[in-house]
Number of protein chains: 2
Amino acid sequence: MPALERWVYSFGGGRADGSAAMRDILGGKGAGLAEMANLGLPVPPGFTISAKLCIAYLEHGTFPDELREEVDRHLKQLERTSKKRFGDAGNPLLVSVRSGAAVSMPGMMETILNLGLTDETVQGLLAGSNNPRFAYDSYRRFVQMYGDVVFDLGKGPFDEVLEEYKRRRKVERDIDLPPDDLKALVREFKAIIQAKSGLPFPEDPVAQLWGAIAAVFKSWRTRRAADYRRVNGIPDDLGTAVNVVAMVYGNMGDDSGTGVAFTRDCRSGEPDLNGDVLTNAQGEDVVSGARTPEPIGKLKRGKLAKVYQDLERMAAKLERHFRDVQDIEFTFERGRVFMLQTRRAQRTGLAAVRIAVDMVAEGLITEDEAVQRVPPQDLDQVFHPMVDPRSPVTLVAKGLPASPGAAVGEVVFDADEAEALAKRGRNVILVRPETSPEDFHGIVAARAVLTARGGMTSHAAIVARGMGKTCVVGAKDIEVDPQQGRFRANGRVVKKGQVLTVDGTTGRILLGAAKLVQPKLGAHYAKLMSWADQRRRLGVRANADTPADAKRGRAFGAEGIGLCRTEHMFFEGDRITAMREMIVAPDEAGRRRALAQLLPMQRADFEGLFEAMSPYPVTIRLLDPPLHEFLPHTREEVATLARAMKLPAVRLERLVASLVEANPMLGHRGCRLGITYPEITEMQARAIFEAACRVVSRGQKVTVEVMIPLVALVEELRRQTEIVRRVAREVFQAEGRAVPYLVGTMIELPRAALTADEIARDAEFFSFGTNDLTQTTFGLSRDDAGRFLPFYVEHGILKDDPFQVLDQEGVGKLMTLAVRLGRSTRSDLKIGICGEHGGEPASVKFCHHAGMNYVSCSPFRVPIARLAAAQAALEEQGVINRTRATV
Amino acid sequence: MPALERWVYSFGGGRADGSAAMRDILGGKGAGLAEMANLGLPVPPGFTISAKLCIAYLEHGTFPDELREEVDRHLKQLERTSKKRFGDAGNPLLVSVRSGAAVSMPGMMETILNLGLTDETVQGLLAGSNNPRFAYDSYRRFVQMYGDVVFDLGKGPFDEVLEEYKRRRKVERDIDLPPDDLKALVREFKAIIQAKSGLPFPEDPVAQLWGAIAAVFKSWRTRRAADYRRVNGIPDDLGTAVNVVAMVYGNMGDDSGTGVAFTRDCRSGEPDLNGDVLTNAQGEDVVSGARTPEPIGKLKRGKLAKVYQDLERMAAKLERHFRDVQDIEFTFERGRVFMLQTRRAQRTGLAAVRIAVDMVAEGLITEDEAVQRVPPQDLDQVFHPMVDPRSPVTLVAKGLPASPGAAVGEVVFDADEAEALAKRGRNVILVRPETSPEDFHGIVAARAVLTARGGMTSHAAIVARGMGKTCVVGAKDIEVDPQQGRFRANGRVVKKGQVLTVDGTTGRILLGAAKLVQPKLGAHYAKLMSWADQRRRLGVRANADTPADAKRGRAFGAEGIGLCRTEHMFFEGDRITAMREMIVAPDEAGRRRALAQLLPMQRADFEGLFEAMSPYPVTIRLLDPPLHEFLPHTREEVATLARAMKLPAVRLERLVASLVEANPMLGHRGCRLGITYPEITEMQARAIFEAACRVVSRGQKVTVEVMIPLVALVEELRRQTEIVRRVAREVFQAEGRAVPYLVGTMIELPRAALTADEIARDAEFFSFGTNDLTQTTFGLSRDDAGRFLPFYVEHGILKDDPFQVLDQEGVGKLMTLAVRLGRSTRSDLKIGICGEHGGEPASVKFCHHAGMNYVSCSPFRVPIARLAAAQAALEEQGVINRTRATV
């Protein structure tokens, strides 16, 4: 029989038919058991039925003939290895029958324990354990589970009877029923099965086994399993394997127990065996919470020191073997340790970094591997305080985790109030239906921002992420009433001044002050990043609007500014006044007067930026948002402004109304402003070049990149570029010096990408604005997508939110086209990306493979981008992560 | 000397060096004169200096040496032909020096008349004309023109002196000055020239000529000429020719005169010579409006009958020669007719049709040529009343000509009021800041619609165009105040009830009731369209939402419905109530109850459509707009609705607020509604298939095409298609019959176009929604573009409004890609277009060349599309329009 047609694989007794490499056939659990058996570790003997059989069985409803024969053979072998026999009243073989797919689907499929128990064999268990309650409780559980799963009767009918017994005995817990009741329950349960199914409960262990195998296979197709696969993108045709394993018992006395261990600390990464253990207990007891487990370290001293030493030795062996930290399940029966499962341990970002770097030092893995080991996204956790996972919390609502970290503060609903309170040293949480640029100072002042509306790239999300400030957006169960100073959420009312915790890493809003923990960065992180930097080809820049942002970006390793949004400079103090004067000016002369006031302020901003980033390049995007964003919108605010500006309120109202746009995202913004009001472009260009000259005159190097936003037509770019170059000439002549600069454009509209060959004739660089490019390519407003995008992701219509993870199939196709077209007319075209995707690992890898020169992202995501870029370079070189098939 | 290096071309005396084919060298005017000379028609002799010299001269500032020699030679020839001599005091040769580019640029460049006059030669003019005022006025004009144009002194200094003379003599008109004053003015003008330029006025005619030639060349580069070229897309390197023509005079007595003639009537197309003539006058007199010209027919009888006969004969000869209607300028001097210019005559759509068909009957042109002769867009005029071009009008403002025709009515600002007044038989003009679907009934009731905001594809524009109703949108000088019942425009206030005329063909808003004229359609039109239909390959369908639309579409020759917008069915009467009940329903059950009310109404609508269009296919688009379009928005309206729906106002307000979108165009609409509320898709599918079964049961053929809107992801289409197909099966089973149907999708988002290969696996047809595709590809909201798009078109940043003329370079590139990708996975994919571009000739031709199966447009544009499609087919076959190079 050729190997591929083999259906059953035994393990135990120091050897196994399979191995960790056979995950597709054996599933994760089966492969782990096989590998451990091969390593000589003590696993209870058993066998695994191939996952390849699952789909075939589900389609035909029958097993191949040769399977029966194979299972019989492996069952015989199991009896030999375990020295027990199926149906033997004296020394009965009992087994567990468990599912186990190649990809972990926790709790989604079925498990049956204690299979092999019958009225006869229970006597053997009784004799062996000397514990009638244990024996009959095991029997009762088995029959109950079998009726539920194999006879498909559900839990209901059995629970009813069980509850009645408990009521009658006035006990709370199943285990408190006397053995006679448990024995009586077995009889009642069997009667229920007979009555409901018309079939007797099988008293033959082999018949029991076949029923259980079929039921486990069938559980692949339950609704919840199918849903889980759809949401997690697991193929439907994978199937599950079936593991038949001899039972071992951790509840045979004080020298028995069960537990879970990690070969290193998965929160901190410290190289210590750790985990939880319960003596005289079974796995179920841990899960049910009936007893609180103890730290595994307690075993070190005392009677069970030998168990601890065995575990420690086995853990070290597994880690060396798999070359990664393992998450182990074990049981010890009368002092003898059995390994029940091993798999790659989940870990925090902090732990991932330390483990990878330590393992290089230990000679377990190479530097290349260490760089590939750490999921870049996990670095996000490394820099932010987190809600202590062990502290109790009260969930108010959930939203989108827009900017990671956690913060505690009192609720305010107004940006001015946030600022006022923050100045008095109070910690505030700014809660808004959504934010606009007018809330900017409030966001600056707050510890965290919470909005009811908006998606991952809404205003609040982008601004907060840029500052590394905790933010949750699109919390759609929240109804904010700023006038009343309160919000409603799921039946609860939270008022101004109440204390909340916002968890931007998970999107949770918690009542009161949760306990926060601050991760510590150190030498491990520095070493890993230095390895990453040696390997990456892609440049990494920061999106930064202020010198503080710029410095933070450099601290995180940015090599320039890829996006400075100049409009953020127009909201502070006097500036908004001058900006508004420009907007209300009736003619060009009036606009020029107002712009003249803005010029020195903007120039000073640029000086600060150039100094902070010298000698790296600074990309400055010219004014982008529509002008109405700078004006107030409520009647009262307009009236106040009119008084301040000494204008008739009616005139200002009319102006505000005339600037309202049906779809501001697609409106009069970006270079369209600079085309219709060239004096704005002139002022900004002048501020840029004058600032550059001043900084250079102080002996610092400046590299300027002027970026024209929202270009759809090459002619737009041409005209704006003409203005910028003319002003540059004028300034350089006046200042008597020249500063190197480039003029380029955002590629953020499909039309720009489609005509990139034409556009590249006039652009010295491209920077993909993937936020807007995603909006226009999908026809999807990031501010409104909250109404259906989460539904799309939940229901598998979209794999990821395209504002978080670049849509490579659609948006990416346009980008690849634009790169190719752009370089076809300008071979040395510099190409970057400055959308929010510039800090998302999969998107960074896409940018690497698309041949871009750099990515730019918010300062806090710079390390993520550096690591992802290094991984992309390693992948390209074919350096694969040589972790042994991890189970 | 090779032909190409020749610079000067003579004409006159029955022959010419050039011909009509040499338009690029001779310009339009020069080519016309040469061709007429060759035909033996009487033209004043002269010569043309090549336009090829223009740019070279402008770049180097000097003429090639051989030019002087060439001009001298041709001048000698001119003296011989004209039997006059330059500088001859007895019989002086006087010439006009005129510009003339290959493309007409009316009034943009310079002309100098009467060149050759000096103190000496004016005596000859005096003697020849016996009219001192004429002679000195000619001289005065020449010196003045020369000072302005050649010495570049502007009109100012000369006008000042002239005004002073007129004040002194107390006369209004130049011509009323006595000859002595005119003589004195010549002296003063010469003194001004000497004083301002430091150079004497040249008393040598040859020197005068060279100055004039240089000045005419230079006028190619004036600001206004450059602007005109930019706006009209005329290349800057074309250059102008210079025509030097012997002067002839229409003001030498009652046997002299000047005029303009058309070889056929260019308003009606009737085959009659017509035009205007002034006796004893020069061209300038016609232009200045000093005297009112008479119809040319008046010459038929009386002393000038011979002149008329000559003109008639020459006109016929020109028409036969050029094979098209000509627009002629002529002068007769003492009974002798001279032709001064001939060019292709502009004509109305009505005339174009009749002329083309008549010319086929006359054997002048072929049917193919007739089809190619009529500009499809001109058919737009054929079906609509027009403002009589001769009636006086008062312009209030201008907007975009969104839907052609003209209408008179009283102003109303509210849709309900429009409906109420219209029911009482009044003609109303609905004036709104902009319209929304809630105004639909008002648009139906009004004679015309006028909006202050919105572009060519705004709601008002599309709806009105679909009904063939006059509409002007984006009249940005208008400020509408519906509350006060008035609008302001350019300092004027127009109140409710005042009468306006809206001219949708030109975009004009006129005060009061202008005189309207109704074009008559007839056999000519029918014949032309039958020729077009025989030649086109592209199918033409109508966009139609109602049986009335459908019937109108068929009357215009539509072969199916390419777009039925089902949402328009939800605004009438009870339907909006049921629709709103659906929206406010708290759960699916509530939505289903409300939808059940809508089902019979929608089914009845579809029955009507299917019957009206049988046996042609009907494409039904499922619900597209966001739900908030069905709800009121002001506080008062919401309160009223809440009372009507027996809901707490607060709840309804909250709901309305929660549905507000930042960018509704990119929001929760299209198939996104059907995905989140599948019950809507189900109801619509049921209504469609039940209606189809009923119509089939009455013996009529029905072909259904169900169209899923706003698809970005193939998975969206797949899920919606599943629902449609399931409901079809259910209905067919219940009804006991099946109806043929297709399920396809709109391609209206860049992502759909980019992934068209995937989408075509699940789509049986594509229909390009080029309105939304243009919006998303450009990142341009059609509702907001009014603020800068007109600026873009005026300043040549965009050649055309991309919502009117398909942007082939950007949007078209995506479409071509989608056609190729779509057919790569489904070779028989049916592809059409249903955006507004489906009725725009250049876009229709693009669709033909892109290999689409059909275009669909509003019923009134169906004939345009049919004709454009025929022209595209002829172009493809290489059948070119054999009109002789038209000048």
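Residues numbered from 1 in each chain as written. Chains lettered and ligands numbered in written order. Predicted model: local features only at pLDDT ≥ 70, side-chain atom pairs only at ≥ 80, totals over all residues. Heavy atoms only, no water.

### Some words on helix α11 (residues 305–322) of chain B
Residues and elements named next belong to chain B. Its 18 residues place the ends of α11 25 Å apart at the C-alpha level, agreeing with the 26 Å of an ideal helix rising 1.5 Å per residue. Every buried residue belonging to α11 is among Ala 305, Val 307, Tyr 308, Asp 310, Leu 311, Met 314, Ala 315, Leu 318, Glu 319, His 321 and Phe 322, and all of these are buried. Summarising the contacts, the buried residues of α11 are in contact with α1 (23–38), β10 (326–333), β11 (336–344) and α12 (349–361). Arg 323 sits one or two residues past α11 and shows a positive phi near 60°. (Helix = DSSP H or I, 4+ residues; strand = E, 2+ residues; numbered from the N terminus. Expected span 1.5 Å × (residues − 1). Buried < 20%, exposed > 50% of the residue type's maximum accessible area, 1.4 Å probe, protein only. Contact = heavy atoms within 4.5 Å.)

### Structural notes on the packing of helix α18 (residues 547–555) of chain A against helix α20 (residues 588–613) of chain A
Residues and elements named next belong to chain A. Where α18 contacts α20, the axes come no closer than 8 Å and their chain directions differ by 15°. In terms of orientation, α18 lies roughly parallel with respect to α20. In this structure, α18 crosses over α20, and the sense of that crossing is right-handed. The segment α18 lies against α20, with Pro 547, Ala 550, Lys 551 and Arg 554 engaging Gly 608, Leu 609, Ala 612 and Met 613. For the contact of α18 with α20, the residue count by class is five nonpolar, one polar and two charged. (Axes fitted to C-alpha atoms, helices over the stretch in contact; angles between N-to-C directions. Parallel < 35°, antiparallel > 145°, perpendicular 65-115°, else oblique. Left-handed = near helix turned anticlockwise from the far one by under 90°. Nonpolar A, V, L, I, M, F, W, Y, C, P; charged D, E, K, R; others polar.)

### Comments concerning the nonpolar core
Counting 292 residues, the largest nonpolar core has Phe610(A) and Phe610(B) as the members making the most contacts within it. Apart from the residues within four sequence positions on either side, Phe610(A) is in contact with Val618(A), Ile620(A), Ile688(A), Ala691(A), Ala692(A), Val695(A), Val702(A) and Val704(A). (Core = buried A, V, L, I, M, F, W, Y, C linked by side-chain atoms within 4.5 Å.)

### Considerations on the relation of the copies chain B and chain A
Taken as rigid bodies, chain B and chain A are interconverted by a rotation of 179° and an axial shift of 0.1 Å, the fit giving an RMSD of 0.2 Å. Such a turn and shift between the copies fits a two-fold axis. Scanning chain B for the C-alpha nearest the rotation axis identifies Asn663(B), at a separation of 2.0 Å. Mapped onto chain A, 98% of the interface residues of chain B again fall at the interface, so both copies present the same surface. (Least-squares fit on C-alpha atoms with pLDDT ≥ 70 in both.)

### Quick word on the interface of chain B and chain A
When the parts come together, some accessible area is lost, and that loss is often what is quoted as the size of the interface. On the chain A side, the residues contacting the 55 residues of chain B number 54 residues. Here chain B and chain A share an interface that buries about 4700 Å² over both sides, 57% of which is from carbon and sulfur atoms. Put simply, chain B and chain A have eight salt bridges between them. Inspection of the region where chain B meets chain A yields 30 residue pairs in polar contact (both at pLDDT 80 or more). Those elements giving two or more residues to the side of chain B that touches chain A turn out to be α22 (649–659), α23 (671–676), α25 (714–735), α26 (750–754), α27 (756–760), α28 (770–778), α29 (789–794) and α30 (811–825) of chain B. Grouping the amino acids of the side of chain B that touches chain A by side-chain chemistry returns 23 nonpolar, 14 polar and 18 charged. (Buried area = accessible area lost by both parts, 1.4 Å probe. Salt bridge = Lys/Arg side-chain N within 4 Å of Asp/Glu carboxyl O. Polar contact = N/O pair within 3.5 Å; in protein donor to acceptor, adjacent residues only side chain to side chain.)

### Considerations on a negative patch on the surface
Residues Asp414(B), Asp416(B), Glu636(B) and Glu637(B) make up a contiguous surface patch of negative charge. Topologically, Asp416(B) is positioned in helix α14 (residues 415–423). (Patch = residues over 30% accessible without salt bridge, like charges linked within 9 Å, V, L, I, M, F, W, Y side chains within 5 Å. Areas by Shrake-Rupley, 256 points an atom, 1.4 Å probe, with all protein chains shown as cover. Lys, Arg positive; Asp, Glu negative; His and termini not counted. Charge placed at Lys NZ, Arg CZ, Asp CG, Glu CD.)

### Brief notes about helix α30 (residues 811–825) of chain A
In a regular helix each residue adds 1.5 Å, so 15 residues correspond to 21 Å; α30(A) covers 22 Å between its end C-alpha atoms and thus fits that length. Turning to α30(A), its buried residues number three or more, namely Val811(A), Gly812(A), Leu814(A), Met815(A), Leu817(A), Ala818(A), Val819(A), Leu821(A) and Gly822(A).

### Some remarks on unusual backbone geometry
Residues other than glycine predominantly adopt negative phi, and peptide bonds predominantly adopt the trans conformation. In the segment running from Ser614(A) into Pro615(A), the intervening peptide bond is cis, with an omega of 5°. Relative to the helices and strands, Pro615(A) resides in the loop between α20 and β27 (617–621). Positive phi outside glycine occurs at Lys170(A), with the angle close to 55°. Although it is not a glycine, Lys646(B) sits at a positive phi angle of roughly 55°. The residue Lys646(B) is located in the loop between α21 (635–645) and α22 in this model. Among the residues examined, Lys646(B) registers a relative accessible area of 75% and is labelled exposed.

### Let's talk about the pattern of salt bridges
Per the stated rule, a full pass over the model turns up 136 salt bridges over all chains. Where Asp236(B) meets Arg229(B), a salt bridge forms, and the shortest distance between an N and an O atom there is 2.8 Å. Close ionic contact of Glu876(B) with Arg537(B) constitutes a salt bridge, the shortest N to O distance being 3.1 Å. On the criterion of sequence distance, the pair formed by Glu876(B) in helix α32 (residues 862–876) and Arg537(B) in the loop between α17 (523–535) and β25 (539–543) is long-range, its members being 339 residues apart. Among the charged side chains, a network of salt bridges with common partners joins Glu588(A), Arg592(A), Arg603(A), Glu682(A), Arg686(A), Glu690(A), Arg726(A) and Glu730(A).

### Remarks on the packing of aromatic side chains
A complete count under the given rule lists 40 aromatic pairs over all chains for this structure. With a centroid separation of 5.5 Å and 55° between ring planes, the pair formed by Phe63(A) and Trp210(A) is classed as tilted. Taken together, the residues span a long stretch of sequence, with Phe63(A) in the loop between α2 (52–60) and α3 (65–82) and Trp210(A) in helix α8 (residues 205–218) at a distance of 147 residues. Trp210(A) sits in the buried class, given a relative accessible area of 12%. Their ring planes at 85° and their centres at 5.2 Å tell us that Phe134(B) and Tyr249(B) sit as a pair that is edge-to-face. Of the two residues, Phe134(B) is situated in helix α5 (residues 132–149) and Tyr249(B) in the loop between β6 (240–246) and β7 (257–262); the sequence distance between them amounts to 115 residues. Across the pair, exposure class does not vary: Phe134(B) and Tyr249(B) are buried alike. Pairwise contacts between aromatic rings join Tyr57(A), Phe63(A), Trp210(A) and Phe217(A) into one cluster. Above the plane of the ring of Trp220(A) lies Arg229(A), whose end atom (NZ or CZ) is 3.8 Å from the centre. The ring centre of Tyr165(B) lies 4.7 Å from the NZ or CZ of Arg168(B), which sits over that ring. (Phe/Tyr/Trp six-rings, centres within 6.5 Å; stacked < 30°, edge-to-face > 60°. Lys NZ or Arg CZ within 6 Å of the ring centre and 35° of its normal.)

### Quick word on the sheet that holds strand β10 (residues 326–333) of chain A
All names here are of chain A. Read from one edge of the open sheet, five strands run β9-β8-β7-β10-β11, paired in antiparallel fashion. Two strands close off the open sheet at either side, each with one partner strand: β9 (294–295) and β11 (336–344). Summarising the sheet, strand β8 (residues 274–279) and β9 pair through two bridges and their orientation is antiparallel. Counted as the bridge partner of Val 277 is Glu 294 from β9. With respect to the sheet, helix α11 (residues 305–322) is in contact with β10 and β11, its orientation differing from that of β11 by roughly 30°. (Pairing = 2+ DSSP bridges.)

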